Amino acid sequence: MTQYAFHFDGTRCTGCKTCEMSCKDYKDTDLGIAYRKVYEVTLGDTKKADDGTFTTTCVSYPLSMACNHCDNPACTKVCPTGAMHKDGETGIVSVDADKCIGCGYCHMACPYNAPKVDREKGHSVKCDGCAERVAKGEKPVCVEACPARALDFGTVDEMKKTGEQANIAPLPDKSYTDPNFYIKPSEDAKPAGDAAAKVVNPLEVM
């Protein structure tokens, strides 16, 4: 099996969300449904001194993420019908719409909030790595759309050379699902699980 993975370069990303919008356009997703999301992460404090001046330690960094097509995906474990499945050839995790009953267990189980239940369609939906493009030797739409070339997609062996496995906040510890997501963190990024790093755009990403 050839396992595919995403790479995110936090030193290049500007948080423009072109990746997110290109995905929504290509997949024609409904309002409230996004397969790729850009997290706005902030931390630090601003303090006023006795002399009236201010000092700050505030920093912010973006994180672009879709489904991580994990080696040990939580979503497939809880799916009662087998609709959520991992492809034996590519390692891409996808939904079989004909089998899915829209129970939402996959959404509740995923620590990355990747699957969603589209109530109008009556089944779960999620990033499938643009599997039809990958089959033709092309990159996912989000990767090709990124103006800063902060995203990439390829085999795990290729992506391992570009960064560390899913290791920055607000992500959970990689041991939960062994995600196929490799990151080159920005200078301000905090390690996974660091509670000081807060997501300030929750309505966009949840």
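What comes next concerns the included structure. Remember, predicted model here, so these are calculated numbers, not experimental data.

1. Description of the sheet that holds strand β1 (residues 4-9)
Here's step 1: In spatial order, the strands read β10-β1-β12-β11; together these 4 strands make up an open sheet with mixed pairing. Two strands in the sheet have a free side with no partner beyond their single neighbour: β10 (151-155) and β11 (164-165).

2. Topic: the pattern of salt bridges
Here's step 1: Scanning the entire structure with this criterion turns up 7 salt bridges.
Here's step 2: Note that Glu132 and Lys27 form a salt bridge whose closest N and O atoms lie 3.7 Å from each other. Of this pair, Glu132 sits in helix α4 (residues 131-134) while Lys27 sits in helix α1 (residues 18-27), and the two are 105 residues apart along the sequence.
Here's step 3: Given a relative accessible area of 23%, Lys27 falls into the partly exposed group.
Here's step 4: Residues Asp152 and Lys139 are paired through a salt bridge, measuring 2.8 Å at the closest nitrogen-oxygen approach. Of this pair, Asp152 sits in strand β10 while Lys139 sits in the loop between α4 and α5 (141-145), placing them 13 residues apart in sequence.
Here's step 5: By relative accessible area, which is 23% here, Asp152 ends up partly exposed.

3. Some points on α1
Here's step 1: For α1, the complete set of buried residues consists of Cys19, Glu20, Ser22 and Cys23. Each buried residue of α1 sits inside an arc of 165° when the element is viewed along its axis, so together they form one side.
Here's step 2: Summarising the contacts, the buried residues of α1 are in contact with β2 (37-43), β5 (59-65), α5 and β10.
Here's step 3: Count one or two residues on from α1 and you reach Asp28, which has phi positive near 55°.

4. Some points on the side chain of Asp128
Here's step 1: Considering the arrangement of structural elements, one finds Asp128 in the loop between β9 (123-125) and α4.
Here's step 2: On the basis of relative accessibility, which here comes to 19%, the residue Asp128 falls in the buried class.
Here's step 3: A distance of 3.2 Å separates polar atoms of two side chains, one belonging to Asp128 and the other to Lys27.
Here's step 4: Apart from the residues within four sequence positions on either side, Asp128 is in contact with Lys27, His69, Ile92, Val93 and Ser94.

5. Points about the nonpolar core
Here's step 1: Residues Tyr61, Leu63, Leu171 and Phe181 are the most contacted members of the largest nonpolar core, which totals 45 residues.
Here's step 2: Of all the secondary structure elements, the ones that give two or more residues to this core are β1, α1, β2, β5, α5, β10 and β12 (181-184).
Here's step 3: Setting aside its immediate chain neighbours within four residues, Leu171 contacts Leu63, Met65, Tyr112, Ala166, Phe181, Ile183, Ala192 and Gly193.

6. Digging into the side chain of Ser94
Here's step 1: Its place among the elements puts Ser94 in strand β7 (residues 93-95).
Here's step 2: Those residues in contact with Ser94 that sit more than four places away from it in its chain are Ala83, Met84, His85, Lys126 and Asp128.

Reading guide: rules and limits
Position numbers for residues count from 1 along each chain, tracking the sequence in the order it is written. Note on the predicted model: pLDDT of at least 70 is required for a residue's local features to be given, and 80 or more for side-chain atom pairs to be given and counted; whole-chain, interface and lining totals, by contrast, use all residues. In computing side-chain properties, one takes all heavy atoms of the structure into account and sets aside hydrogens as well as water. In this scheme, strands are said to pair when DSSP sees at least two bridges between them. Only runs of H or I of at least four residues qualify as helices and only runs of E of at least two qualify as strands under DSSP, and these elements are numbered from the N terminus. The term salt bridge refers to a side-chain nitrogen of Lys or Arg lying within 4 Å of a carboxyl oxygen of Asp or Glu. Buried residues are those whose accessible area, probed at 1.4 Å on protein chains only, stays under 20% of the maximum for their type, while exposed residues exceed 50% and partly exposed ones sit between those limits. The arc refers to the directions leading from the helix axis to the C-beta atoms. For this analysis, residues touch if any pair of their heavy atoms sits within 4.5 Å. Any pair of N or O atoms that falls within 3.5 Å is considered a polar contact. Within protein, one atom must be able to donate a hydrogen and the other to accept it, and sequence-neighbouring residues count only if both atoms are side-chain atoms. For this analysis, a nonpolar core means a set of buried residues of the types Ala, Val, Leu, Ile, Met, Phe, Trp, Tyr and Cys, connected via side-chain atoms within 4.5 Å.

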